[in-house]
Amino acid sequence: MTLQPTLVIADDDPDHSNLLAAWLERRGYRVICFDSGDDLVGWAASRSSPRVDAFLLDLEMPGRDGLSSCRELRRMGGYTETPALLVSGARMDGIAEQAVDAGVTEIVRKDPEMLQNLNRWLDIYLPASRGGR
């Protein structure tokens, strides 16, 4: 029996978060959403958190942003190698180096190709979970 892969989204825009969650759930993923990086990190720090296969983090959120959320997740023993995708509609000037330093696996822009790029990313980082697309 294969476990349903779990993806965690942190995004302060409920429309974007709901769009991503619905799209991912149709592809067989279990999705957990947070509307802030602070809530995500608090949840992840609790030892009752389930296994996470990947994080999708909005770059710009009030409080803890996607970069600082990823940096904090990397400090936690259970999430040092979990793929983390930074999703952003913001200008990306200077973000790539900061993202690498924070432990981000890849950056995807919030643009018309976002779902196509996300699908490619999932194929690369979670290929074993993609059988039932």
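Throughout what follows, the structure given in this document is the object of discussion.

Now for the packing of helix α1 (residues 14-26) against helix α5 (residues 114-125). The contact between α1 and α5 brings their axes to 12 Å, and the two run at 50 degrees. When the axis of α1 is compared with that of α5, the two are oblique. Considering how the two elements wind past one another, α1 and α5 form a crossing that is right-handed. Where α1 abuts α5, its residues H16, L19, L20, W23 and L24 lie against M114, L115, L118, N119 and L122. Class assignment of the residues belonging to the contact of α1 with α5 gives a composition of eight nonpolar, two polar and no charged.

Attention now moves to the pattern of salt bridges. Summed over all chains, the structure comprises six salt bridges. Its salt-bridge partner being D11, residue K110 comes within 3.2 Å of it at the nearest N-O pair. Here K110, found in the loop between β5 (106-109) and α5, pairs with D11, found in the loop between β1 (6-10) and α1; they are 99 residues apart in sequence, far enough to count as distant. Here E106 makes a salt bridge to R120, at a shortest N to O gap of 2.6 Å. Of this pair, E106 sits in strand β5 while R120 sits in helix α5, placing them 14 residues apart in sequence. When its relative accessible area of 36% is taken as the criterion, R120 is described as partly exposed. Taken together, the shared-partner salt bridges connect D11, D58 and K110 into one network.

Calculation notes
- Residues numbered from 1 in each chain as written.
- Predicted model: local features only at pLDDT ≥ 70, side-chain atom pairs only at ≥ 80, totals over all residues.
- Heavy atoms only, no water.
- Axes fitted to C-alpha atoms, helices over the stretch in contact; angles between N-to-C directions.
- Helix = DSSP H or I, 4+ residues; strand = E, 2+ residues; numbered from the N terminus.
- Parallel < 35°, antiparallel > 145°, perpendicular 65-115°, else oblique.
- Left-handed = near helix turned anticlockwise from the far one by under 90°.
- Contact = heavy atoms within 4.5 Å.
- Nonpolar A, V, L, I, M, F, W, Y, C, P; charged D, E, K, R; others polar.
- Salt bridge = Lys/Arg side-chain N within 4 Å of Asp/Glu carboxyl O.
- Buried < 20%, exposed > 50% of the residue type's maximum accessible area, 1.4 Å probe, protein only.

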